[in-house]
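Topology and contacts: notes
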Amino acid sequence: MFFQSVKKVKYYKYIIYGKLSLLMKRQLSCVIIISMKRTILIFLILCLSLAGCKGAQGIRQDQNSEITDTNEPAEDTHEDGNEPSEGRTVIKRVGVAMPTRTSERWINDGMSIKARLETLGYEVDLQYADDDIDLQISQIESMIRNDVSCLVISSIDSTRLVDVLKEAKNNGIAVIAYDRLLMDTDAVSYYASFDNKEVGTLIGNYIEDRMNLEEASRTGKSYTIEFFMGSPDDNNALFLYTGVMDVLKSYIDNGTLVCRSGKTSFRETCILRWSDTKAEEMCSDLIREYYRSGDLDIACSAFDGFDYGILRSWQRAGLSMEDLPLITGQDAEKAAVKNIAEGRQAMTIYKDTRILAAKCVTMVQALLEGGKPEINDTSQYNNNVLTVPSYLCTPVVIDKDNYEDVLIGGGYYTKEQLFAR
Ligand code: BGC
């Protein structure tokens, strides 16, 4: 921090001093310049102490999350300590902190954001934290030290970045929460995500339609169901659960859906860090205790990764692939789409990371260059400190009937990518 302030002081000195001395060179004689230099330096020190007080606040938000001040200069990276030469374009840096590479979507997200930012002329520091919270904190700290102007963060644990985000704010660095909301902080300016409750609603609706639950309710037919929900430290997971239950709860209550384990609450069904191996263990336990003969009808899963675990446990229990439950998912990962095409998974939720990345990049631009990004939600995403202005993209259901049109036709995957042996 101390070194950063010294760097900033030096930097302001160079800018103001540089500009004034250029002016003087043109207008005043050398003798006057020499005698004025001391006066200017004293004047600069006074200015800098005032600027220092203001600079600590950097890009701020008022209560309504509108940007009220951008006093961080555009030209902000002079590690060599040299005065920026006149007319030289200095590239702004953006730090992009992604949670993990174990799931395909984050690799796509990271690549898309980086490519788009680079096309606009930004320098990008993209880091993956391998689901290690301390590693993510130290990656963000190093981005702050390296003078990024903006941070795009998809957290591992949404509540554990409070301190490092405070540091970012104190350094005038703008922060965008990417896909996962950053909780308990006032340092976040915008949130770019998908409509996370809608993801759950779509999963619930799919189960309702495919199993014809309305009809089953009328005729007294019932189906068994178990839930595999997202990580408790990810705000999205609870939204998704809420969407699912908005559709399915009445069928559980009236006995059309029977959950033999009795585990229907979020707390009982959430899976830490979205781990596929934990989903596999959970499914093995359920099969052993309640579904030995493979009579589970529905695995309501919140993530494609869980489905690989569910399929492994099904096979390991020696159950027939013919008796697989209807398995839902999220992310339209390549392996999941292949499973859908080949009948091992019923559906997934497609979240076009290209669109999300594009929305996020407009937020970066707005924060760094001025202007207002497109926002379509100002009420749903309260992080316990403020309601973060958000852009929520629309999730799309994918199943056997539309994966070719939407995913291959839409250029998200090629046929070869999906079916390469
Ligand atoms: C994302 C999902 C993803 C999950 C696991 C969530 O925050 O919204 O798209 O499946 O993380 O990576």
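Just so it is clear, the structure is predicted and the values come from calculations on it, not from any experiment. Each chain carries its own residue numbering, running from 1 in the direction its sequence is written. Only residues with pLDDT of at least 70 get local features here, since the model is predicted, and only at 80 or more are side-chain atom pairs given and counted; chain-wide, interface and lining totals rely on the full set of residues.

A closer look at the overall build of the chain
What counts, and what does not: Secondary structure counts use DSSP, requiring at least four H or I residues in a row for a helix and at least two E residues in a row for a strand, with both numbered from the N terminus. Burial is judged by counting other C-beta atoms within 10 Å of a residue's own C-beta: 20 or more means buried, 12 or fewer means exposed, and anything between counts as partly exposed, with every C-beta placed from the backbone. A residue pair is marked as a contact if its C-beta atoms, positioned from the backbone, fall within 7 Å.
A count of helical and extended segments in the chain gives 15 helices and 14 strands. For the chain, with 421 residues in total, the buried portion stands at 40%. For the chain, contacts bridging at least 24 residues in sequence account for 71% of all contacts bridging at least 6.

Overview of the pairing of strand 7 (residues 190–194)
The line we're drawing: What makes two strands pair is DSSP finding at least two bridges between them.
By the criterion of burial, strand 7 is predominantly enclosed, with five of the five residues buried. In terms of strand pairing, strand 6 (residues 174–178) meets strand 7 through three bridges, oriented parallel. Pairing of Ile176 across the sheet is with Tyr190, part of strand 7. Here four bridges tie strand 7 to strand 13 (residues 390–393), and the two strands are oriented parallel to one another. Counted as the bridge partner of Ala192 is Tyr391 from strand 13.

Some words on the site of the ligand
Under the convention used in this document: For each residue, a C-beta atom is placed from the backbone, and the residue is labelled near a molecule or strand when this atom is within 6 Å of it. The classification used treats Ala, Val, Leu, Ile, Met, Phe, Trp, Tyr, Cys and Pro as nonpolar, Asp, Glu, Lys and Arg as charged, and all other residues, Gly among them, as polar. For the purposes of this description, domain bounds are those given by an automatic or database domain assignment.
Every residue near the ligand is listed here: Ser103, Arg105, Asp179, Arg180, Asp234, Asn236, Trp274, Phe303, Gln330, Asp331 and Lys351. Broken down by class, the residue content of the shell around the ligand amounts to two nonpolar, three polar and six charged. Here the shell around the ligand spans two domains, since at least three of its residues come from each of domain 1 (93–188 + 353–393) and domain 2 (196–350).

Section: the nonpolar core
Using the following cut-off: For this entry, the nonpolar core is defined as buried Ala, Val, Leu, Ile, Met, Phe, Trp, Tyr and Cys residues connected by C-beta atoms within 7 Å.
Membership of the largest hydrophobic core comes to 103 residues, with the highest contact counts inside it found for Leu151, Val152, Ile176, Phe228 and Cys360. Per element, the largest residue contribution to this core is eight residues, and it comes from helix 8 (residues 235–253). Aside from chain neighbours lying at most four places away, what touches Cys360 is Ile113, Val152, Ile176, Tyr178 and Ala192.

A few points about the sheet that holds strand 3 (residues 93–98)
Our working definition: With axes taken as lines fitted to C-alpha atoms, and helix axes fitted only over the stretch in contact, angles between N-to-C directions fall between 0 and 180 degrees.
Across the sheet, which stays open at both edges, the six strands sit in the order 4-3-5-6-7-13 with parallel pairing between neighbours. Of all the strands in the sheet, the pair left with one neighbour each is strand 4 (123–128) and strand 13. If you compare each strand with its neighbour and ignore which way they point, the axes differ by 15° on average. Against the sheet, helix 3 (residues 104–119) contacts strand 3, strand 4 and strand 5 (150–153), and its axis sits at roughly 175° relative to strand 3.

Here we look at the confidence of the model for the chain
What counts, and what does not: Per-residue confidence from the predictor is reported as pLDDT, which spans 0 to 100.
On average, residues of the chain score 85 in pLDDT, and 79% of them are at 70 or above. Per-element averaging of pLDDT across the chain places strand 2 (residues 67–69) at the bottom with 29 and strand 8 (residues 223–228) at the top with 99. Of the regions scoring below 50 in pLDDT, residues 1–36 engages in 21 contacts with residues more than four places distant in sequence or in other chains.

Section: helix 13 (residues 353–369)
Keep this limit in mind: One less than the residue count of a helix, multiplied by 1.5 Å, gives the span that helix is expected to have.
Taking 1.5 Å as the rise per residue, helix 13 with 17 residues should run 24 Å; its terminal C-alpha atoms sit 24 Å apart, in good agreement. Buried within helix 13 we find Thr353, Leu356, Ala357, Lys359, Cys360, Val361, Met363, Val364 and Leu367. Within two residues after helix 13, Gly370 carries a phi angle of roughly 95°, on the positive side.

Observations regarding the sheet that holds strand 11 (residues 326–327)
Taken in spatial order, the four strands line up as 9-8-10-11 in an open sheet, and their pairing is parallel. The sheet is open, and its two edges are formed by strand 9 (257–258) and strand 11, each paired on a single side. In this structure, strand 8 lies alongside strand 10 (residues 298–301), joined through four bridges in parallel fashion. By the bridge assignment, Glu226 is partnered in strand 10 with Ala299.

With respect to helix 5 (residues 162–170)
Formally: Directions are taken from the helix axis to each C-beta atom, and the arc is the one they span.
Along helix 5, the residues that are buried comprise Val164, Leu165, Ala168 and Lys169. Angular distribution of buried residues about the axis of helix 5 spans 145°; they occupy a single face of the element. Structurally, helix 5 contributes buried residues whose contacts are with helix 4 (133–145), strand 5 and strand 6. Of the residues flanking the end of helix 5, it is Gly172, one or two places downstream, whose phi is positive at about 70°.

Section: the environment of Asp163
Tracing the sequence through the fold places Asp163 in helix 5. Sequence separation between Asp163 and Ala187 is 24 residues, and the spatial gap between their C-alpha atoms is 10.0 Å.

Notes on the packing of helix 10 (residues 276–290) against helix 11 (residues 304–316)
Heads up, the condition is: Roughly parallel refers to an angle under 35 degrees, roughly antiparallel to one over 145, roughly perpendicular to one between 65 and 115, and oblique to any angle outside these ranges. A crossing counts as left-handed when the near helix is turned anticlockwise from the far one by less than a right angle, and as right-handed when that turn is clockwise.
Contact pair helix 10 / helix 11: the axes reach a minimum separation of 7 Å and the direction vectors enclose 40°. One finds that helix 10 runs oblique with respect to helix 11. Crossing of helix 10 against helix 11: the hand is right-handed. Facing helix 10, whose interface residues are Asp276, Thr277, Ala279, Glu280, Cys283, Ser284 and Ile287, helix 11 presents Gly305, Phe306, Tyr308, Gly309, Ile310, Arg312, Ser313 and Arg316.

Describing the packing of helix 4 against helix 5
Each pair of packed helices gets described by two things: the angle between the helix axes and the distance between those axes. Taken N-terminus to C-terminus, the directions of helix 4 and helix 5 make an angle of 10°; their axes are 10 Å apart at the nearest point. Judged by the angle between their axes, helix 4 and helix 5 are roughly parallel. Every residue of helix 5 that contacts helix 4 at Ile137, Ile140, Glu141 and Ile144 is listed here: Val164, Glu167 and Ala168. Across the contact of helix 4 with helix 5, the residue classes break down as five nonpolar, no polar and two charged.

A few points about the environment of Thr414
Counting through the fold element by element, Thr414 comes out in the loop between helix 14 (403–408) and helix 15 (415–419). Judged by local crowding, Thr414 falls into the exposed class, with 11 C-beta atoms found within 10 Å. Between the C-alpha atoms of Thr414 and Glu404, which are ten residues apart in sequence, the distance is 9.4 Å.

Remarks on the environment of Ser217
Here Ser217 shows up in helix 7 (residues 213–219). Residue classification places Ser217 among the partly exposed positions, given that 16 C-beta atoms sit within 10 Å. Separated by 37 residues in the primary sequence, Ser217 and Asn254 place their C-alpha atoms 7.5 Å from one another. In contact with Ser217, not counting residues within four places along its chain, are Tyr251, Asn254 and Thr256.

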